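What follows is the residue order along each chain.
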Amino acid sequence: MLRQLENCLHAVNQVLLGKEHQVRMAMACLLARGHLLIEDLPGMGKTTLSHALAQVLGLSYQRVQFTSDLLPGDILGTSVFERNTGQFVFHPGPIFTQLLLADEINRATPKSQSALLEAMEERQVTIEGSTRPLPEPFFVIATQNPICQSGTFALPESQLDRFLMRLSLGYPNAEAERALLTRAITKRQAASLTQQIEKDELLKAQTQVSEVKVSDALVSYILRLVEATRTNAQFVYGLSPRGGLALLSAAKAWAFLAGRDYVIPEDVQSVLPQVVAHRLAHSAAGTGATDSTAVQWLLNEVAVF
Amino acid sequence: MAEHKIKPSIPRNSLIWLLIAQVLVILPLLWHVPLWIIGLWLVCAAWRIQVFRMRMQFPKAIVKVAMMVSAAFAVYLSRGSLVGLDAGVALLLTAFVLKLVELRSKRDALVLIYLGFFTVVTSYLFDDSILAAGYSLLSVTALLAALVGLQQTVLTGRPGKTVTQAAAILLQAIPVALLLFLFFPRLDPLWVLPAPKDKGVTGISDHMSPGDIAELSQSSELVFRASFTGEIPTQNQLYWRALTLPYFDGRTWHMQNMTSDLLAPEWQAQGDMLEYSVIMQPSSRTWLYSLAVSQTEQKDIRLMNDFRLQHNTPIHRTYLYQARAWPEALAEPKLSPEKYRFYLQLPHKVNPQARAWAQQLRQSYPDDESLVRAVLRTFNQGEYFYTLKPPRLGKHSVDEFLFATQTGFCEHYSSSMTFVLRAAGIPARVVTGYQGGEVNRAENYVQVRQYDAHSWVEYWRLGFGWHRVDPTFQVAPERIEQGLQEALRGESLNTGLLSPLSYRHINWINQLRISWDTLNYTWQKNVLGYQAERQKNWLKGLLGEISWQRIGVGLVITIALLFALISLWLFKPWQTRLSETQRLLKQFERLLAKRQYKREPAEGLRAFQARIQADLSPPQRMALDAFVHSYEQNEYANVPVPAVQLKQQLQTLRHSLAGR
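Residues numbered from 1 in each chain as written. Chains lettered and ligands numbered in written order. Predicted model: local features only at pLDDT ≥ 70, side-chain atom pairs only at ≥ 80, totals over all residues. Heavy atoms only, no water.

### A short note on the overall build of chain B
Argument step 1. Along the backbone of chain B there are 23 helices and 20 strands.
Argument step 2. Carbon and sulfur atoms form 61% of the exposed surface of chain B, whose accessible area is close to 34,300 Å². (Helix = DSSP H or I, 4+ residues; strand = E, 2+ residues; numbered from the N terminus. Areas by Shrake-Rupley, 256 points an atom, 1.4 Å probe, with all protein chains shown as cover.)

### A word on the overall build of chain A
Argument step 1. Looking only at helices and strands, one finds 13 helices and 9 strands in chain A.
Argument step 2. A sequence separation of at least 24 residues applies to 78% of the contacts in chain A between residues at least 6 apart.
Argument step 3. In the form shown here, chain A has an accessible surface area of approximately 13,800 Å², with 52% of it arising from carbon and sulfur atoms. (Contact = heavy atoms within 4.5 Å.)

### Things to note about the sheet that holds strand β7 (residues 274-280) of chain B
Residues and elements named next belong to chain B.
Argument step 1. The antiparallel open sheet is built from 6 strands, whose spatial order is β9-β12-β7-β2-β18-β17. Only two strands of the sheet have a single neighbouring strand rather than two, namely β9 (294-295) and β17 (438-440).
Argument step 2. Where strand β2 (residues 222-228) and strand β18 (residues 445-449) come together, 5 bridges link them in antiparallel fashion. Bridging from a neighbouring strand, Leu222 pairs with Arg449 of β18. (Pairing = 2+ DSSP bridges.)

### What about helix α1 (residues 12-26) of chain B?
All names here are of chain B.
Argument step 1. Along its 15 residues, α1 runs 21 Å from first to last C-alpha, staying within 8% of the 21 Å computed at 1.5 Å per residue.
Argument step 2. Counting buried positions along α1 gives 11 out of 15 residues, so the element sits mostly inside the fold.
Argument step 3. Buried within α1 are the following residues: Asn13, Ser14, Leu15, Trp17, Leu18, Leu19, Ala21, Gln22, Leu24, Val25 and Ile26.
Argument step 4. Contacts made by the buried residues of α1 are with α2 (36-52), α4 (85-98), α5 (106-123), α6 (130-151) and α7 (159-183). (Expected span 1.5 Å × (residues − 1). Buried < 20%, exposed > 50% of the residue type's maximum accessible area, 1.4 Å probe, protein only.)

### Some thoughts on the sheet that holds strand β4 (residues 247-248) of chain B
All names here are of chain B.
Argument step 1. If you trace the 3 strands from one edge of the open sheet to the other, you get β1-β5-β4, paired in antiparallel fashion. Every other strand in the sheet has two partners, leaving β1 (207-208) and β4 as the edge strands with one partner each.
Argument step 2. As paired strands, β4 and strand β5 (residues 253-254) are joined by 2 bridges and run antiparallel to one another. By the bridge assignment for β5, Tyr247 is matched with His254.

### Concerning the interface of chain B and chain A
Argument step 1. With 18 residues of chain B in contact, the opposing surface of chain A contributes 19 residues.
Argument step 2. At the surface where chain B touches chain A, the tally comes to 0 salt bridges.
Argument step 3. Those elements that place two or more of their residues in the side of chain B that touches chain A are α20 (580-594), α21 (605-613) and α22 (618-636) of chain B.
Argument step 4. Residues of the side of chain B that touches chain A, tallied by class, amount to 8 nonpolar, 4 polar and 6 charged. (Salt bridge = Lys/Arg side-chain N within 4 Å of Asp/Glu carboxyl O. Nonpolar A, V, L, I, M, F, W, Y, C, P; charged D, E, K, R; others polar.)

### A few points about the pattern of salt bridges
All names here are of chain A.
Argument step 1. As enumerated under the stated definition, the model contains 29 salt bridges over all chains in all.
Argument step 2. Across the salt bridge formed by Glu121 and Arg242, the nearest N and O atoms sit 3.4 Å from each other. One end of the pair, Glu121, is in helix α5 (residues 110-122); the other, Arg242, is in helix α11 (residues 241-257), and 121 residues separate them in sequence.
Argument step 3. Salt-bridge contacts for Asp161 lead to Arg242; the nearest nitrogen and oxygen are separated by 3.1 Å. Taken as a pair, Asp161 in the loop between α6 (157-160) and β9 (165-167) and Arg242 in helix α11 lie far apart in primary sequence, 81 residues in all.
Argument step 4. A network of salt bridges, in which partner residues are shared, links Glu121, Asp161, Arg162, Arg242 and Arg279.

### Considering the nonpolar core
Argument step 1. In terms of nonpolar packing, the biggest core is built from 85 residues, with B:Phe224, B:Trp240, B:Tyr289 and B:Leu421 touching the most fellow members.
Argument step 2. By residue number, the principal contributor to this core is helix α13 (residues 410-423) of chain B, which donates 7 residues.
Argument step 3. A:Phe235, A:Leu239, A:Val268 and A:Leu299 belong to the second largest nonpolar core, which has 76 residues in total. (Core = buried A, V, L, I, M, F, W, Y, C linked by side-chain atoms within 4.5 Å.)

### Details of the packing of aromatic side chains
Argument step 1. The final tally for this structure, using the stated rule, is 29 aromatic pairs over all chains.
Argument step 2. Aromatic side chains B:Tyr239 and B:Trp456 sit 4.8 Å apart centroid to centroid with 75 degrees between the ring planes, which places their arrangement in the edge-to-face category. You can see B:Tyr239 sitting in strand β3 (residues 239-245) and its partner B:Trp456 sitting in strand β19 (residues 453-461), a full 217 residues away along the chain.
Argument step 3. Overall, B:Tyr239 belongs to the buried group, its relative accessible area being 6%.
Argument step 4. By relative accessible area, which is 1% here, B:Trp456 ends up buried.
Argument step 5. Seen in terms of ring centroids, B:Phe342 and B:Tyr343 are 5.2 Å apart; in terms of plane orientation they differ by 70 degrees. Their pairing is edge-to-face. Pair check on accessibility: B:Phe342 and B:Tyr343 agree, each one buried.
Argument step 6. Members of the aromatic cluster, joined through ring pairs, are B:Phe224, B:Phe228, B:Trp240, B:Tyr276, B:Tyr289 and B:Tyr434.
Argument step 7. The residue whose ring lies beneath A:Arg132 is A:Phe90, and the NZ or CZ to ring-centre distance is 3.9 Å. (Phe/Tyr/Trp six-rings, centres within 6.5 Å; stacked < 30°, edge-to-face > 60°. Lys NZ or Arg CZ within 6 Å of the ring centre and 35° of its normal.)

### Some thoughts on the side chain of B:Ser630
All names here are of chain B.
Argument step 1. Structurally, Ser630 is set in helix α22.
Argument step 2. Classification of Ser630 as buried rests on a relative accessible area of 3%.
Argument step 3. In this view, Ser630 contacts Val641, Gln645, Leu646 and Gln649; residues no more than four positions away in its chain are not counted.

### Re the environment of B:Ala658
Residue and element names in this part refer to chain B.
Argument step 1. Residue position: Ala658 is located in helix α23 (residues 643-658).
Argument step 2. According to the relative accessible area criterion, Ala658 is exposed, its value standing at 55%.
Argument step 3. Separated by 63 residues in sequence, Ala658 and Arg595 place their C-alpha atoms 10.0 Å apart.

### Description of the confidence of the model for chain A
All names here are of chain A.
Argument step 1. Per-residue pLDDT for chain A has a mean of 86; in total, 94% of the residues score no lower than 70.
Argument step 2. Ranking the elements of chain A by mean pLDDT puts helix α8 (residues 187-191) last with 64 and α11 first with 93.
Argument step 3. Contacts from residues 284-289, a stretch scored under 50 in pLDDT, to residues over four places away or in other chains number 2 contacts. (pLDDT = per-residue confidence, 0-100.)

### Focus on helix α12 (residues 397-405) of chain B
Residue and element names in this part refer to chain B.
Argument step 1. When α12 is considered as a whole, its buried residues turn out to be Ser397, Val398, Asp399, Phe401 and Leu402.
Argument step 2. Check the buried side of α12 and you find it contacts β4, α10 (352-364), α11 (368-381), β15 (407-408) and α13.
Argument step 3. Looking at the residues trailing α12, positive phi occurs at Gln406, about 55 degrees.

### Here's the deal with the environment of B:His311
Residue and element names in this part refer to chain B.
Argument step 1. Along the polypeptide, His311 turns up in strand β11 (residues 309-311).
Argument step 2. Given the relative accessible area of 8%, His311 is considered buried.
Argument step 3. As for His311 and Ile301, which are separated by 10 residues in sequence, their C-alpha atoms are 4.5 Å apart.
Argument step 4. Not counting the four nearest positions on each side in its chain, His311 is found in contact with Thr286, Leu288, Asp300, Ile301 and Tyr319.
Argument step 5. In this structure the side chain of His311 is engaged in a polar contact, spanning 2.8 Å, whose partner is the backbone oxygen of Thr313. (Polar contact = N/O pair within 3.5 Å; in protein donor to acceptor, adjacent residues only side chain to side chain.)

### What to know about the packing of α7(B) against helix α19 (residues 548-571) of chain B
Residue and element names in this part refer to chain B.
Argument step 1. Where α7 contacts α19, the axes come no closer than 11 Å and their chain directions differ by 165 degrees. Comparing their axes, α19 and α7 come out roughly antiparallel. The two elements α7 and α19 meet at a crossing, and its hand is right-handed. Along the contact surface, α7 presents Pro175, Val176, Leu179, Leu180 and Phe183, while α19 presents Ile551, Leu555, Thr558, Ile559 and Leu562. (Axes fitted to C-alpha atoms, helices over the stretch in contact; angles between N-to-C directions. Parallel < 35°, antiparallel > 145°, perpendicular 65-115°, else oblique. Left-handed = near helix turned anticlockwise from the far one by under 90°.)

Okay, structure coming up:
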């Protein structure tokens, strides 16, 4: 099963060049049953990544472009009156899919944003009194553009917390960029990727991730990390209990991807920036640098044993 | 002009606490120093704050000199001197305040803080009660906070945190302070401290005219507390004698010093013996309070010829003495002719009516004792009243009192009775002191206040010596049996609205007052009373025969033990007991640290392994990997690895590293 997952990663890496770490992180996020927020400039391969993941995992894929006039019904679906039967028939929205790409989530109004975020949390949708479960697995990749903020509705901290990880793809390195230019990989190529893993296998992997062993010593380390965010002066407020849980489940997935059935501190350290950074307050508002330095401080200062 | 070196300025935190500490230190001394010091402080504090806010400059040298001289002059003007306790403290305080305006560097602040500590100590010269001691803890905390703030950076801006730290330091110092209190040798002072001026204003004085004691009874100030080894005698036995006043000038009774005063009086112990100890408040007088006839073994106290106890220096601070008394002793059965005449002294041409009455009595009662009884009977059966506010008396005060006004306080009765007895040819004298007192059952002691002041009569009979009679008892027996409050139900004692004594009838206030007094008594007895003698006895019980070497050794050992306990408590060695694997990990880290591979605290073992692997040879890598793997299994995979195996792998690693 691990081999199949590795195959998936390999296949994705064929279309998204030089982003092995980020791809693996996205996979870990999926395996930990979390959702992913990608924050990056346009054209960095956000769509490619999500599309490719859907392809190799054999997941149904929908994409919603968030705009300011997007309504909750546009995401969740609406009931339409059918003249033939004389009844209202529910037309499911794009959310009824296994992998949803919510592009530029911060362009939509808070109303629409929260419709999506609630569905993410509950893994079901309630429309007009009837509750409809979402398919399994259900994985949301939301993207947002960190610059060009005019006319956007930034996600509040409480909403950011719903995302297990926040990822930034970043520019590819020179070698990858050269390959990208010479081989001219297109979106079509991404669409031609083949499924590498069965759905059942994927669900089983998700179950196994939750069963990865966590020792007392490791829990102590996580507690120390959480405690440090709450007591150290450079954090405006500390990590919530949900944040601590998120850190643990992400670390489990990371350990699983590394082929281990137990978590070691290095797993925690690997996922820490992606899991923790967006949950901690910027101690100096507006400067994106502060949260990454604060996370770096956690990595450097909190004792492992 | 010389260039100024830039000195570290005083942090805001420290300055705030310094100003607060100054207020706290000065406050209890305000009753003893001229009040313009408040103004001086306000000016200096404002100036220093403006300097801190960079709105003003530090004063120039000439201004400083002018301020200093004028402050000293002001002290001289208001105290009339620059030496003596009051003026000295005032001078110290002005210096303490003036130092504010030249508070430039850390060093200045240190001087100011140490000066503050010294000033706190001087306030003990005026008041050493438990309240004052508790209060001084407050000032010391503030001073410590200033000291702590001085060591902090300018960036630390939380005065609350600073004072918590100071309080913690003070708390930690308490055990050491207790030890020093118990063991530190009580040395005799190298010089005699001058007494504060405004002490001993109230109290029994060396003369008595009508109205004096009534005036004294307006005060509820504490005079002394006495505790008895056995049962406390009944109220009507508690005649605390202070002075005898043998000389009468027609209006006032005076104490008269005679050479014979210093001769030990002749007396024989008879009857039961009472053992008691007295803790007296400072009175600035030499006389002590005793039950007749008392004897003490303290060397600085002597029994005077008129059976009072006298200390060789005025009592300026709380003083404790022990004595034994024989209430039924035979006191001076024989009187020298000179003294006999002395105790019959009366001024000429005053109180003719009283003299005539005395002659009349003499004729009816040739026997001394029946004459005395007749006088007492007159007071008892005649229309005499006991009051705090007697009418004013003219020139023939005894006549006016005995035959006209017939209302008076104890001094009227004792004075007129003594006059009549002398006129009838019986040697007599007025005794002043205190009568009764409030009994505190909880701690078994009597507390005597100024309003317990009293005067009574002693007359002399050949072969029987001096006898005490109390004419007031005939008029107002409840005064003797229950105290002044009961005797003067109609007239309120002017104790003031705020005094708890005004609320005796409210039970809980009274209880509270008594508990508070008990606390004060315990404080005085056990803390202030713990002087050289008692320390010696206590140490003797503890260490056997004492020598200063032994005490020194004991002190060192106890302090060392104390520090050992504190360090145990701080480091908690029993909590950091490591598991076997953790100990092995420490060994592993030490082993690699020797090769300059040091693991960072936040570095996981795998990351560490990856970091140093490149430098190692294949066998070393294998040994390293084996250990790391086993450790990881044990710590994180919940797969117990026997310690022996880890130990072995560590050994292998050690060998492979050594073989490099």
